[in-house]
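Examining the three-dimensional arrangement
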Amino acid sequence: MTASRITLGVGYGTHDSAVCLMSDGNILMALEQERLDRVKGSRAAPVAALEIILRETSLTLGDVDSIGLPMRRAAQLTRPVYDSLDFRKGAGWARKSSIEEINTTRRVRRLGGSLAAAAKPGTRPQYFRHHDAHAASVSGVADTADMAILVMDGIGEIDTVSFYIGKRNSAPSCIRRIRYPHSLGKVYGAICRHLGFFGPSKEGQVMGLAAYGEPTFQERIAQIVMNFAGDFKVDTSYFRLSASSARHSTVSDRFVHEFGPSRHPAEAISDLHRNLAASLQAHLNETVLNLTMWLTEETGRRRVALAGGVALNCVTNGVLARNDGIDELVIPPYPHDGGLAIGAAALCAWNSGQTVHPLSTSRLGPTLTPRSAISAAESAGLAATPIEVSQLARHLARGQLIGLVNGRAEFGPRALGGRSIIADPRAHQMRLRINQAVKNRDEFRPLAPCTTVEAAPTIFGLSGPSPYMSRSVSVRSDWVPRIPAVVHTDGTARVQTVSEDDDPVLYKLLQEFGSLTGCPVLVNTSFNGRDEPLVLSAADAIASGLAMGLDGLFLAGNFVDLQWR
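For clarity, every value in this text was computed on a predicted model and none was experimentally measured.

Let's talk about the overall build of the chain
Looking only at helices and strands, one finds 19 helices and 26 strands in the chain. Over its C-alpha atoms the chain spans a radius of gyration of 23 Å, differing by no more than 12% from the 24 Å that the globule rule assigns to 565 residues. Projecting the C-alpha coordinates of the chain onto the three principal axes gives extents of approximately 65 × 65 × 45 Å. Out of the 565 residues belonging to the chain, those deemed buried represent 59%. Of all intrachain contacts in the chain linking residues separated by at least 6 positions in sequence, the fraction that spans at least 24 positions is 71%. Carbon and sulfur atoms form 50% of the exposed surface of the chain, whose accessible area is close to 21,300 Å². Within the chain, the 54 negative side-chain charges are centred at a point lying 5 Å from the centre of the 59 positive side-chain charges.

Regarding the pairing of strand β24 (residues 521–526)
Counting buried residues in β24 gives six out of six residues, a clear majority hidden from the surface. Relative to β24, strand β19 (residues 419–423) runs antiparallel, the two being bridged by four bridges. Bridge pairing links Ser420 to Ser526 in β24.

A closer look at the packing of helix α6 (residues 130–137) against helix α13 (residues 340–351)
Here α6 crosses α13 at 85 degrees, and the two axes come no closer than 7 Å. As judged from the angle between their axes, α6 and α13 are roughly perpendicular. In contact with His130, Asp132, Ala133, His134, Ala136 and Ser137 of α6, α13 contributes Leu340, Ile342, Gly343, Ala344, Ala346, Leu347 and Trp350.

Looking at the pattern of salt bridges
What the rule picks out here adds up to 22 salt bridges. A salt bridge links Asp253 to Arg240, with the shortest nitrogen-to-oxygen separation between them at 3.4 Å. One end of the pair, Asp253, is in helix α10 (residues 253–259); the other, Arg240, is in strand β11 (residues 239–240), and 13 residues separate them in sequence. On the basis of relative accessible area, Arg240 is assigned to the partly exposed category, the value being 36%.

Some thoughts on the sheet that holds strand β17 (residues 402–405)
Reading across from one edge, β16-β26-β25-β17-β19-β24-β20-β23 is the order of the eight strands in this open sheet, with mixed pairing throughout. The sheet is open, and its two edges are formed by β16 (384–386) and β23 (496–498), each paired on a single side. Neighbour to neighbour, the strand axes of the sheet diverge by 30 degrees on average, direction disregarded. Of the strand pairs in this sheet, strand β25 (residues 552–555) and strand β26 (residues 558–561) are connected by four bridges, and their pairing is antiparallel.

What counts, and where the lines are drawn
Residues numbered from 1 in each chain as written. Predicted model: local features only at pLDDT ≥ 70, side-chain atom pairs only at ≥ 80, totals over all residues. Heavy atoms only, no water. Helix = DSSP H or I, 4+ residues; strand = E, 2+ residues; numbered from the N terminus. Rg over C-alpha atoms; globule rule 2.2 N^0.38 Å. Buried < 20%, exposed > 50% of the residue type's maximum accessible area, 1.4 Å probe, protein only. Contact = heavy atoms within 4.5 Å. Areas by Shrake-Rupley, 256 points an atom, 1.4 Å probe, with all protein chains shown as cover. Lys, Arg positive; Asp, Glu negative; His and termini not counted. Charge placed at Lys NZ, Arg CZ, Asp CG, Glu CD. Pairing = 2+ DSSP bridges. Axes fitted to C-alpha atoms, helices over the stretch in contact; angles between N-to-C directions. Parallel < 35°, antiparallel > 145°, perpendicular 65-115°, else oblique. Salt bridge = Lys/Arg side-chain N within 4 Å of Asp/Glu carboxyl O.

If you want it as structure tokens, here you go:
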């Protein structure tokens, strides 16, 4: 019997460090470092994550045949050159950028060498371009043979947008790249900071705020980020962009002169801020549509996949999904840099002649067992008692806010029923409670709904499944007043559809809740506090649930009443 070939993909050297293990091209597990060190977007070497997945899969590093990491040293070290060409930044900026990039590449190479030394004899680490790994990550959820793949982010080495043709059983082929300083991600991030939003959730905050404004500045922004056929150019005089992770990109004095002063985070949000957010979002929609249409026309392919951080913008994704020029839009549940680990593993697998087998799930992390759930509750001085799904539905129908920790953890930034907070969507007050009292975040942030795949078309403007909350869709007018907690101000929602195969527990819960209330929809928001990663373990869930004031927890079939304490 031939031994399985084990492949390790390691995402490191940027934010969202992660690891992925494959066996003969099948994903065994994937896990982000942030879930363990509890630092959102962690840049730490994912050693703890690797230890967990090796233990869970009963493997050791000595079983690993190939190792892939997404960073090409030569390309990475050109970043300071680009920054040094901008005379406004000065020699100090370029020098700091050079030191940062040299140190980053050294850390990545050092980790790759250490892992290879512990792997099977003769194993050498393989290093791939950042965007190539993003494109390859799509293979984790879909066959890319007849796909056109568009990768967009802030920067990967020196690339900001890359266009690919998917291939059967081999790496996608890049047909064109757009390079820094022309970056949609950098521009969006800079204007987020101008609007007073910082930290790992800033892009999501501005995307949510945009629905409250009018795109009165869109024509002006279109002169700063100028669209051409399948291309765009950024007028860099409006920004202080940085290719390096050593400094954030910000707007320039010229931008402030034309669009007004930067908002302090504690300052009230005005119509000017709302309108600028709306204009930024509208122009992003237009620009990404332009790039996508060029790619479909150039390749003749109407199945399109997106990857990279820009693909987390569900409003833009919704615009693409509704376009008649696209037959199918595929976005993996991990388009962020965490997905690089899956992409690097896939590239390694292809290099050794393996076939990569897609999985229609985001649930790639560790499993919570009933035994560990009960043990964690006892350690916290709480009782964990078995509960039927029908009983849980009654708790929700009474207005309780429940932390749902069930089965394997999700891989990626979206909570999809493995590590979620769930609630009744029928009262607007529930949205206020979750945003203000529980998650301590902006009141205007929308909450996401989940529903069964069968019920979805009668409630939302959907023609097919949407299992990963990757795009905004319209809410049908007769349902808008029935589920106000999950309807955004523009009448849209970022819905997750659930099938029985996807998640038997959540699917049954939606059915039971629907039978009780006539509403087969639940609020499904991420189980984490502000600027924190999703919870992973039962102990994480108990600590966070108590801190946030949840009413109870569903832990692997057991109920923990947090109000009793």
